[in-house]
Amino acid sequence: MRRDLCVLAGICVLLAAPAAMSQSDPQRPGEAPAQQVTVPPAQQPPQQRQRTQRPEQPASPQEGAQAKPAQHAPIAEEKSSVTHHSAHIGGQEIKYTATAATYNIKADDGTPKATMFYVAYTKEAVTDMARRPISFVYNGGPGSASLFTHMGMGPRRVLLTPDGHGMPAPYTVVDNDDSFLDATDLVFIDAVSTGFSRPAPGEAPNQFHGIIVDANWFSDFIYQYVTRNDRWASPKFLIGESYGTTRSAELAGVLQERHQIYLSGIVLLSSVAFSNWGADNRFEFFLPTYVTTAWNHHLLPPDLQNLAIEQVAQQAREFAHGEYAQALEKGDALSAAEHQKVVADLARFTGLTPKYIEETNLRISSFRWFKELERDKRRTIGRLDSRFEGMDVDAAGERVEYDPSEASYEGAFVATFHDYVRRDLKWDSDAYYTVSANVRPWDQTGNTEVAEVLRAAMTQQTFLKVLVLCGYYDVATPFNGIENTFAHMNLEPPVRKNVSFAYYEAGHMMYIDEKEHHKLHKDVDEFLNAAYSR
């Protein structure tokens with residue numbers, strides 16, 4: 001999906017790349033006033049690992065009786081549209097207030113830096129707001145606006161077919177009975193450069209585009225929101241999808257260090273595997289998703305095909321990190337008999353031919369696999385959701401022309417959001433809504449320590465709980481990658497018990513499937529309700 005073009009790049013970088021180097025300087029001299037960026041201790045050089053505070057700003061050389069006032073670039077006036085609604089959610093009628101608005105975000109010295117757009121849904125008639133949770137929600141990419149989570153998890157959702165396929169116009173928006181609004185207030189945020197969020201006039205966009213700086217701006221938005229809306233006492237949650245999970249892991253540390261904001265919980269939806277492993281790990285972590293996909297398309301032998309999806313996934317994990325991993329580790333030292341056996345077993349688990357597996361040297365690229373799995377049917381496989389099938393003009397090609405899952409429902413999501421935000425939320429703006437922004441190059445500085453940032457936050461914030469949501473048919477962020485991340489985070493047992501996983505017979509956006517969004521609602525509501533003291 002255009003909104004998630006960088007997810008695969010993130011997988012490649014975070015699963016396979018060596019320690020990433022900075023691709024851009026977030027503070028190029030002369031482009032913007034200096035901003036104190038909070039870097040969690042795990043991402044600081046060892047000699048600098050101490051608690052970071054927002055420092056006092058140094059006095060200007062001109063400060064004093066003869067000082068001239070600072071000349072700040074003008075910034076757009078903040079806007080707000082407040083409307084009142086009701087919806088049938090979780091078996092009850094919920095009255096709520098919707099606030100579509102912008103905040104101007106400033107540097108530590110007061111310089112206007114960006115305007116960030118958000119839509120907040122708050123339940124009405126709540127007598128004690130301190131006991132009402134609030135969740136900050138966003139998509140990923142990086143470069144994606146929040147409209148997909150918004151129209152999938154908010155109180156109104158786009159109507160799709162039961163299995164998540166888009167339908168032709170006229171599009172329909174209905175009450176989302178599976179919104180999390182029954183358990184938490186929701187604030188959907190567009191990252192700077194996406195949606196209606198923009199850098200202030202004259203500000204360099206690259207200062208917002210990177211793992212650490214992105215989390216800093218989000219943390220300042222959250223600080224401003226909880227302050228303006230008297231939500232400091234409320235339990236606070238993060239719900240991020242795709243690259244939004246990397247953002248959440250980083251935010252857990254930045255919020256703590258920068259604003260001393262402690263979280264009650266984090267929901268990682270279709271999580272990037274934010275760790276740094278060798279190249280062959282990629283093939284191991286993708287393999288279980290290849291297997292569950294082959295099971296979905298009825299391409300496995302009867303003994304596997306007759307198993308439940310959970311059983312197939314477990315056998316796939318054991319094979320991927322057992323016989324298959326050992327074969328990749330041996331490389332050319334693999335004996336002829338061992339080679340023949342692993343080829344046969346790979347064919348059995350994946351539905352691919354032994355000849356093709358031989359030609360790939362046992363290493364199945366996802367980009368080629370999309371084309372190969374159902375080549376004999378002249379069908380391609382979806383990346384965000386491998387249940388979806390597509391058709392290419394060149395059935396003999398090596399790469400697919402498009403992602404059939406994205407193509408199916410993206411138009412419906414975008415059209416309904418544009419109509420909904422103007423018609424229902426009364427947001428009056430001629431500004432262009434950027435569904436997927438070009439935020440390249442994305443500064444990867446600190447990417448190899450993101451898991452450690454989350455580990456440190458969970459260890460210090462002992463009440464912080466994490467729920468990891470995985471789709472069996474998600475090839476953008478395969479479920480086995482994030483499983484291995486948490487298995488190697490060195491969490492102490494009292495902290496490890498705060499991590500839970502939930503799995504869905506769906507892809508990257510499990511909320512598009514009717515059966516699975518019911519399960520998603522139940523799982524997330526139970527997590528939210530259990531993650532704080534009532």
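Residues numbered from 1 in each chain as written. Predicted model: local features only at pLDDT ≥ 70, side-chain atom pairs only at ≥ 80, totals over all residues. Heavy atoms only, no water.

Caption draft 1: Spatial organisation of the pairing of strand β1 (residues 80-89). Across 10 bridges, the pairing between β1 and strand β2 (residues 92-106) is antiparallel. Within β2, the residue paired with His84 across the bridge is Thr97. Following β1, the chain reverses through two residues before pairing antiparallel with β2; Gly90 in that reversal takes a positive phi of roughly 60°. (Pairing = 2+ DSSP bridges. Helix = DSSP H or I, 4+ residues; strand = E, 2+ residues; numbered from the N terminus.)

Caption draft 2: Main features of the side chain of Asp345. Checked against the element boundaries, Asp345 lands in helix α8 (residues 336-350). The exposure class assigned to Asp345 is buried, which follows from its relative accessible area of 16%. Excluding residues that lie within four positions of it along the chain, Asp345 makes contacts with Phe319 and Glu323. (Buried < 20%, exposed > 50% of the residue type's maximum accessible area, 1.4 Å probe, protein only. Contact = heavy atoms within 4.5 Å.)

Caption draft 3: Quick peek at the confidence of the model for the protein chain. Considering every residue of the protein chain, the mean pLDDT works out to 90; 88% of them sit at 70 or more. The low-confidence segment residues 51-69, where pLDDT is below 50, has 17 contacts with residues more than four positions distant or belonging to other chains. (pLDDT = per-residue confidence, 0-100.)

Caption draft 4: Region of the structure containing the pattern of salt bridges. Scanning the model with the defined rule gives 27 salt bridges in all. In this structure, Lys113 engages Glu203 in a salt bridge whose closest nitrogen and oxygen atoms are separated by 2.8 Å. Linking Lys113 in strand β3 (residues 112-123) with Glu203 in the loop between β8 (198-199) and α3 (211-228), this pair joins segments that are 90 residues apart in sequence. For the pair Lys113 and Glu203, a shared accessibility class is recorded, and that class is buried. Arg156 is the salt-bridge partner of Asp175, the closest N and O atoms lying 2.8 Å from each other. Here Asp175 is found in strand β6 (residues 173-175), whereas its partner Arg156 is found in strand β5 (residues 156-158), with 19 residues between them in sequence. A residue is classified by how much of its surface remains accessible, and Asp175, at 28% relative accessible area, is partly exposed. Overlapping salt bridges, with partners in common, bring together Arg368, Glu372, Arg375 and Glu398 in one network. (Salt bridge = Lys/Arg side-chain N within 4 Å of Asp/Glu carboxyl O.)

Caption draft 5: Just the packing of aromatic side chains, in detail. Applying the stated rule across the entire model yields 33 aromatic pairs. Arranged with centres 6.2 Å apart and planes meeting at 80°, the rings of Phe367 and Phe370 form a pair that is edge-to-face. Placement of both Phe367 and Phe370 in helix α10 (residues 366-372) is noted, with a separation of three residues, approximately one turn of the helix. Between the aromatic rings of Phe479 and Tyr503, the centroid separation amounts to 6.3 Å while the plane-to-plane angle is 90°, which identifies the pairing as edge-to-face. Here Phe479, found in helix α13 (residues 479-487), pairs with Tyr503, found in strand β14 (residues 499-504); they are 24 residues apart in sequence, far enough to count as distant. (Phe/Tyr/Trp six-rings, centres within 6.5 Å; stacked < 30°, edge-to-face > 60°.)

Caption draft 6: Highlighting the pairing of strand β13 (residues 465-471). Among the seven residues that make up β13, six are buried, leaving the element largely enclosed by the rest of the structure. Of the strand pairs in this sheet, β13 and β14 are connected by six bridges, and their pairing is parallel. Its bridge partner lying in β14, Cys470 is registered against Tyr503.

Caption draft 7: Local environment of the nonpolar core. By size, the foremost hydrophobic cluster in this structure holds 93 residues, and its most contacted members are Phe221, Leu362 and Phe486. When residues of this core are assigned to their parent elements, the largest contribution, 10 residues, is made by α3. In contact with Phe221, other than residues within four places in its own chain, are Tyr103, Ile105, Met116, Tyr118, Val187 and Ile189. Core analysis: the next-biggest nonpolar cluster, separate from the first, contains 57 residues, Ala100, Val421, Tyr433 and Phe527 among them. (Core = buried A, V, L, I, M, F, W, Y, C linked by side-chain atoms within 4.5 Å.)

Caption draft 8: Molecular detail of the packing of helix α4 (residues 243-259) against helix α12 (residues 450-460). The N-to-C vectors of α4 and α12 enclose an angle of 50°; their axes lie 8 Å apart at closest approach. Comparing their axes, α12 and α4 come out oblique. The chirality of how α4 crosses α12 is left-handed. In this structure, α4 uses Thr246, Ala249, Glu250, Ala252, Gly253 and Gln256 to contact α12, whose residues at the interface are Val450, Val453, Leu454, Ala457 and Gln460. A class-by-class count of the residues in the contact of α4 with α12 yields six nonpolar, four polar and one charged. (Axes fitted to C-alpha atoms, helices over the stretch in contact; angles between N-to-C directions. Parallel < 35°, antiparallel > 145°, perpendicular 65-115°, else oblique. Left-handed = near helix turned anticlockwise from the far one by under 90°. Nonpolar A, V, L, I, M, F, W, Y, C, P; charged D, E, K, R; others polar.)

Caption draft 9: Molecular detail of the environment of Phe413. Take Phe413: it is sitting in helix α11 (residues 404-423). Residues Phe413 and Arg157, spaced 256 residues apart in sequence, show a C-alpha to C-alpha distance of 8.7 Å. Excluding residues within four positions of it along the chain, Phe413 makes contact with Leu147, Phe148, Met151, Gly152, Val158, Leu160, Met509, Tyr511 and Ile512.

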